[in-house]
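Spelled out from the first residue to the last, the chains are:
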Amino acid sequence: MKRLLLTLISGIVIITAAAQGIPALEQLKANPRKAYGNDYPYQQEPTQLTKAPRGYKPFYISHYSRHGSRYYWTDRLYKDLDTLMATAQRKQLLTTEGQAFYDKLKIVQDELATGVSELTQLGWEQHQGIARTMYNRFPEVFKKGGNVLAISSLSGRCVLSMSAFCQELVQCNPEIEIREQSSRFTLDGVVPSDNQNPHKRKFPKARPRFEKNRSKFKNDNNLREKVVARVFTSTEGLPGNANRIGSNLINLYTSLPNIGHEGMMGDIITDEEMASQWEASNLGSYTWVFEPQYEAIPILEDIIKKADAVLNGQSDHIADLRFGHDTCLGPLTVLMGINGADRDPEDPYEVKNCYQNWETCKAGNIQLIFYRNKKQPNEVLVKCLLNGKEATLPVSTEIAPYYKWLDVRSFYTARCNNVQSGNANN
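Because the structure is a prediction, the values reported are computed rather than measured.

Asker: Please set out the overall build of the chain residue by residue, giving values where relevant.
Answerer: Assigned secondary structure in the chain consists of 14 helices and eight strands. Relative to the compact-globule value of 22 Å for 426 residues, the chain shows a C-alpha radius of gyration of 23 Å, a close match. Its C-alpha atoms give the chain principal-axis dimensions of roughly 75 × 55 × 45 Å. Sorting the 426 residues of the chain into buried and exposed places 52% on the buried side. Of all intrachain contacts in the chain linking residues separated by at least 6 positions in sequence, the fraction that spans at least 24 positions is 79%.

Encoded structure:
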């Protein structure tokens, strides 16, 4: 009896550990590049999915994705660095390591200036891979073909990400018919805060509770100072202050894997150094995605509306796909409370346990997989995947990672209505 009890307890511990996932700092040890945060290029990690309850088969997928890897989103970074490095060379303020970096930077300056904000080859390939993985994981959804609606923001990098994804799905099965749309008509479902959205609404801002206690977080990391010292013998007479210079160099470093120029900065920064300052940067990221979470309400409403149409027989879609930006994916993750992202802890040291900014990476995505049982057609289950891995939702269930859709729908409808009626807690 005692051995049986120990076995049961051990099993519960294993299940709990699996549900909670690997702690953030342990993930960083295994892959320091995750410290790049929302600059981290998407990678499909090997994952074994939990089998659906007996008799349930997937039949519909609702999806939201950030565009894939791109050049830096604004030309300001490249222009600032060009001016900075040219001035430092003229004033003979570059270290040997700094000069080596500048020599490489000059070679690609035209490419960087031309490519600003555009999708890279890696970004295209990321969405191809995600589409093929989706198809292979859930063949029941796609094997007979069917209609898919894909909508995108008006940004070229999002349109191309959508195109890469949709082309790959059709390559998997030519019987799939996809309607692609990048239009002001559909902005509410993909980038509702866009000024061109004719249905744009104003939502209240939220404020994470940890901000009141942020001063308790001890951050002794001086990475920016180290980086600046490795590139320049002095910053006197250079444009911008030392903090801005250090931040620009770090931002360039984390962007390099997305554009195929890893190694260009030599040993000016290391991934291990990035990992050492990740927890502090993640705090800023949490505030950044937490505050505008209610602006993602129209996206969540679009997810519910289109799922309802499928379930009510008003839509024949086998999938609804959305391609947008980190400014929507991150807040949507918080609004939906995926993996506890809505926990809103008071302790700044707890933030890393409910949100990790690499989950809002390039090509980061949320997938809701809908399941139906022929014997119980009205009891639909749903499972959430965050970047291809099973995730938790803030809804009661006895069959995690599966949830009853009616429970999920009711929970999120109430959350959206509560905010819009002015009863939000934040």
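Asker: Could you give an account of the pattern of salt bridges, naming the residues involved and the relevant values?
Answerer: Scanning the entire structure with this criterion turns up 24 salt bridges. We note a salt bridge from Arg244 to Asp80, for which the minimum N-O separation is 2.9 Å. Of the two residues, Arg244 is situated in helix α9 (residues 242-259) and Asp80 in helix α3 (residues 76-90); the sequence distance between them amounts to 164 residues. Judged by its relative accessible area of 42%, Arg244 is partly exposed. Between Glu273 and Arg230 there is a salt bridge, with the nearest N and O atoms lying 2.6 Å from each other. Note that Glu273 is positioned in helix α10 (residues 271-276) and Arg230 in helix α8 (residues 223-231), a separation of 43 residues in sequence. A relative accessible area of 25% places Arg230 in the partly exposed class. Salt bridges linked by common partners bring Arg76, Asp80 and Arg244 together as one network.

Asker: Go over the nonpolar core, please, and point to the residues and values.
Answerer: A general feature of soluble globular proteins is that nonpolar side chains tend to end up buried together. Phe142, Phe232 and Leu252 are the most contacted members of the largest nonpolar core, which has 71 residues in total. If sequence neighbours within four positions are ignored, Phe142 has contacts with Ile61, Met134, Tyr135, Leu169, Asn173, Ile176, Ile318 and Ala319.

Asker: Explain the environment of Asp347 residue by residue, including any values.
Answerer: Take Asp347: it is sitting in the loop between α13 (326-336) and β5 (365-373). The class for Asp347 is partly exposed, based on a relative accessible area of 36%. Counting along the chain gives 136 residues from Asp347 to Glu211, while the straight-line C-alpha distance between them is 8.8 Å. One polar contact links the side chain of Asp347 to the main-chain amide nitrogen of Tyr349, over a distance of 2.9 Å.

Asker: Before we move on, could you go through the pairing of strand β6 (residues 376-386) and cite the residues and values that matter?
Answerer: Sheet topology places β5 next to β6; seven bridges connect them, and they run antiparallel. Pairing of Phe370 across the sheet is with Val382, part of β6. Across three bridges, the pairing between β6 and strand β8 (residues 402-404) is antiparallel. When the bridges of β8 are listed, Lys383 appears paired with Tyr402. If you look at the hairpin formed by β6 and strand β7 (residues 389-391), you'll find two residues sitting between the two strands, and Asn387 has a positive phi there, around 55°.

Asker: Any details on the layout of surface pockets? Residues and values, ideally.
Answerer: In this model, the second largest pocket occupies a volume close to 970 Å³. Along its surface, the second largest pocket is lined by 37 residues, and Tyr36, Asn38, Asn251, Ser281 and Ser285 are the ones closest to its centre. Counting residues per element, the ones that place at least two in the lining of the second largest pocket are α8, α9, α11 (278-290) and α13. In terms of residues, the lining of the second largest pocket owes the most to one element, α11, which gives six residues. Each residue belonging to the lining of the second largest pocket can be placed in one class, and the counts come to 11 nonpolar, 18 polar and eight charged.

Asker: Any details on the packing of helix α4 (residues 96-115) against α9? Residues and values, ideally.
Answerer: The interhelical angle for the contact between α4 and α9, taken along N-to-C directions, is 60°, at an axis separation of 14 Å. By the angle between their directions, the pair α4 and α9 is classed as oblique. Two packed elements cross with a definite hand, and for α4 against α9 that hand is left-handed. For the pair α4 and α9, the contacting residues are Phe101, Leu105, Glu111 and Leu112 in the first and Leu249, Leu252 and Ile259 in the second. Here the residues of the contact of α4 with α9 sort into six nonpolar, no polar and one charged.

Asker: An account of α11 is requested, with residue identities and associated values reported.
Answerer: For α11, built from 13 residues, the straight-helix expectation of 18 Å at 1.5 Å per residue is met to within 8% by its first-to-last C-alpha distance of 18 Å. Of the residues making up α11, those classed as buried are Trp278, Glu279, Ala280, Asn282, Leu283, Ser285, Tyr286, Thr287, Val289 and Phe290. Buried-residue contacts for α11 involve α2 (24-30), α10 and α13.

Thresholds applied
Residues numbered from 1 in each chain as written. Predicted model: local features only at pLDDT ≥ 70, side-chain atom pairs only at ≥ 80, totals over all residues. Heavy atoms only, no water. Helix = DSSP H or I, 4+ residues; strand = E, 2+ residues; numbered from the N terminus. Rg over C-alpha atoms; globule rule 2.2 N^0.38 Å. Buried < 20%, exposed > 50% of the residue type's maximum accessible area, 1.4 Å probe, protein only. Contact = heavy atoms within 4.5 Å. Salt bridge = Lys/Arg side-chain N within 4 Å of Asp/Glu carboxyl O. Core = buried A, V, L, I, M, F, W, Y, C linked by side-chain atoms within 4.5 Å. Polar contact = N/O pair within 3.5 Å; in protein donor to acceptor, adjacent residues only side chain to side chain. Pairing = 2+ DSSP bridges. 1 Å grid on protein atoms, 1.4 Å probe; cavity = no way out; pocket = protein on both sides within 12 Å on 5 of 7 lines; lining within 4 Å. Points joined across faces, edges and corners; volume = space filled by probe spheres on them. Nonpolar A, V, L, I, M, F, W, Y, C, P; charged D, E, K, R; others polar. Axes fitted to C-alpha atoms, helices over the stretch in contact; angles between N-to-C directions. Parallel < 35°, antiparallel > 145°, perpendicular 65-115°, else oblique. Left-handed = near helix turned anticlockwise from the far one by under 90°. Expected span 1.5 Å × (residues − 1).

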